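# Observations on chain architecture
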Amino acid sequence: MRAFPHDTPPPGAPAALRVLSWNLLRRVGARAEDVADLIRAHRPDLVLLQEATEDIAVLPQLVGGHFCRHGMDRRIYGLAAWSPEPFTPSEALGLPVSVMPGRVPPRLAQLVKFRGIHFANVHLSHGQFLNRWQLLHIAEALEGPAAIIGDFNAVGAIPLPGFRDIGPRRRTHRAGNVVALRLDRCMGRRLACDTAEVLEKGASDHHPIVLDLSAAAAGATVPKLLASLIARRPRARKSAQT
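Before going into details, it helps to say that this report is about the structure given with it. All figures in this text were calculated on a predicted structure; none of them were measured in a lab.

Parameters and conventions
- Residues numbered from 1 in each chain as written.
- Predicted model: local features only at pLDDT ≥ 70, side-chain atom pairs only at ≥ 80, totals over all residues.
- Heavy atoms only, no water.
- Helix = DSSP H or I, 4+ residues; strand = E, 2+ residues; numbered from the N terminus.
- Buried < 20%, exposed > 50% of the residue type's maximum accessible area, 1.4 Å probe, protein only.
- Contact = heavy atoms within 4.5 Å.
- Areas by Shrake-Rupley, 256 points an atom, 1.4 Å probe, with all protein chains shown as cover.
- Pairing = 2+ DSSP bridges.
- Axes fitted to C-alpha atoms, helices over the stretch in contact; angles between N-to-C directions.
- Core = buried A, V, L, I, M, F, W, Y, C linked by side-chain atoms within 4.5 Å.
- Salt bridge = Lys/Arg side-chain N within 4 Å of Asp/Glu carboxyl O.
- Expected span 1.5 Å × (residues − 1).
- Polar contact = N/O pair within 3.5 Å; in protein donor to acceptor, adjacent residues only side chain to side chain.

## Quick word on the overall build of the protein
Within the protein, the secondary structure is distributed over four helices and 14 strands. Counting over 242 residues, the protein shows a buried share of 46%. In the protein, the share of contacts with a sequence separation of at least 24, taken over all contacts with a separation of at least 6, comes to 64%. Put simply, the protein shows about 13,100 Å² of open surface, and 55% of that area lies on carbon and sulfur atoms.

And the structure:
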């Protein structure tokens, strides 16, 4: 089946890249048909899926394009990527694990190089120290302009050297139908985000997020306030020579 065409940016404009991310809630949540409906509605250039079972592999039969999935150890689900255009086969990056007794099986990140941006599709651990450790591990593996996107399972701010939180600010998951949390995020390095939106959650317990990204111009990745503070900070005095 032929994949959907995409609008071509005007000459001289930065190449925009639409990315959609969704945690599908494995077998009881969203199906391949639900993902196909989102693709038809929003026409993303790259789709990153979490809790994707083997059944999601039929996606190219529904909307064309190219698909790659990595299963997680001792789990029925994994991480998957889809695009209407060919992309280099993704790589699986093993993540740090807990040393506590009774720990869950190890997790991985799916690394995808696409249009000059290095993406990491993630479904991180629930432990707040552990998922920050996993993010540092992922950040070190990424090259150049990069984005870490997916289900972070993280609460609160995420300090990550070189990266900014460029995802939507709305809540994306309601734990136990009581507490609303912003678990689905995007951390970007040397990227500009033109729009970021939280979509209706559909059959899953997570809302999909969609972002329009482009490589940032040189010197444009540091927020103005932070750049001002850096410029105004006192310089360390040179030690006296002996």
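## Some thoughts on the sheet that holds strand β2 (residues 46–52)
Spatially, six strands are ordered β3-β4-β2-β1-β14-β13 in an open sheet, and the strand pairing comes out mixed. Each having just a single partner strand, β3 (66–71) and β13 (191–198) make up the two edges of the open sheet. Averaged over all neighbouring strand pairs, the angle between strand axes comes to 15 degrees, with direction disregarded. Sheet strands in contact with helix α1 (residues 32–42) are β1 (17–23), β2 and β4 (78–83), and its direction is about 155 degrees off that of β1.

## Some details on the nonpolar core
The biggest cluster of nonpolar side chains holds 20 residues, and the ones touching the most others in it are Val19, Phe114, Phe119, Ile149 and Leu213. Elements with a minimum of two residues in this core: β1, β2, β6 (108–114), β7 (117–123), β8 (146–151), β13 and β14 (209–215). Ranked by residues supplied to this core, first place goes to β14 with three residues. With sequence-adjacent residues up to four places away left out, Val19 is seen in contact with Leu46, Leu48, Phe119, Ile149, Ile209, Val210, Leu211 and Leu213.

## Quick word on the pattern of salt bridges
Two side chains that carry opposite charge are able to pair once their charged atoms sit near each other. According to the stated counting rule, one finds eleven salt bridges in the structure shown. The partner of Asp212 in a salt bridge is Arg18, and the shortest N-O contact between them spans 2.7 Å. Here Arg18 lies in strand β1 and Asp212 lies in strand β14, a separation of 194 residues in the sequence. Looking at Arg18, the relative accessible area reads 28%, which means it is partly exposed. Taking the shortest distance from any N to any O, the salt bridge between Arg185 and Asp165 comes out at 4.0 Å. Highlighted residues: Arg185 in strand β12 (residues 184–189) and Asp165 in strand β9 (residues 164–165), separated in sequence by 20 residues. Judged by its relative accessible area of 4%, Arg185 is buried. Bridged by salt links that share partners, the residues Asp165, Arg169, Arg182 and Arg185 form one connected network.

## So, helix α3 (residues 128–141)
Between its first and last C-alpha atoms α3 spans 21 Å; for 14 residues at 1.5 Å apiece the expected length is 20 Å, and the two agree. Among all positions in α3, only Leu130, Asn131, Arg132, Gln134, Leu135, Ile138 and Ala139 are buried. Of the surrounding secondary structure, the elements contacted by the buried residues of α3 are β5 (91–94), β6, β7, β8 and β12.

## Comments concerning the environment of Arg107
With respect to the helices, strands and loops of the structure, Arg107 is situated in the loop between β5 and β6. Residue Arg107 is classed as buried on the basis of its relative accessible area, which comes to 7%. Discounting chain neighbours no more than four positions away, the residues touching Arg107 are Met72, Arg75, Leu93, Gly94, Leu95, His123, Leu124, Ser125 and His126. One polar contact links the side chain of Arg107 to the main-chain carbonyl oxygen of Leu124, over a distance of 3.5 Å.

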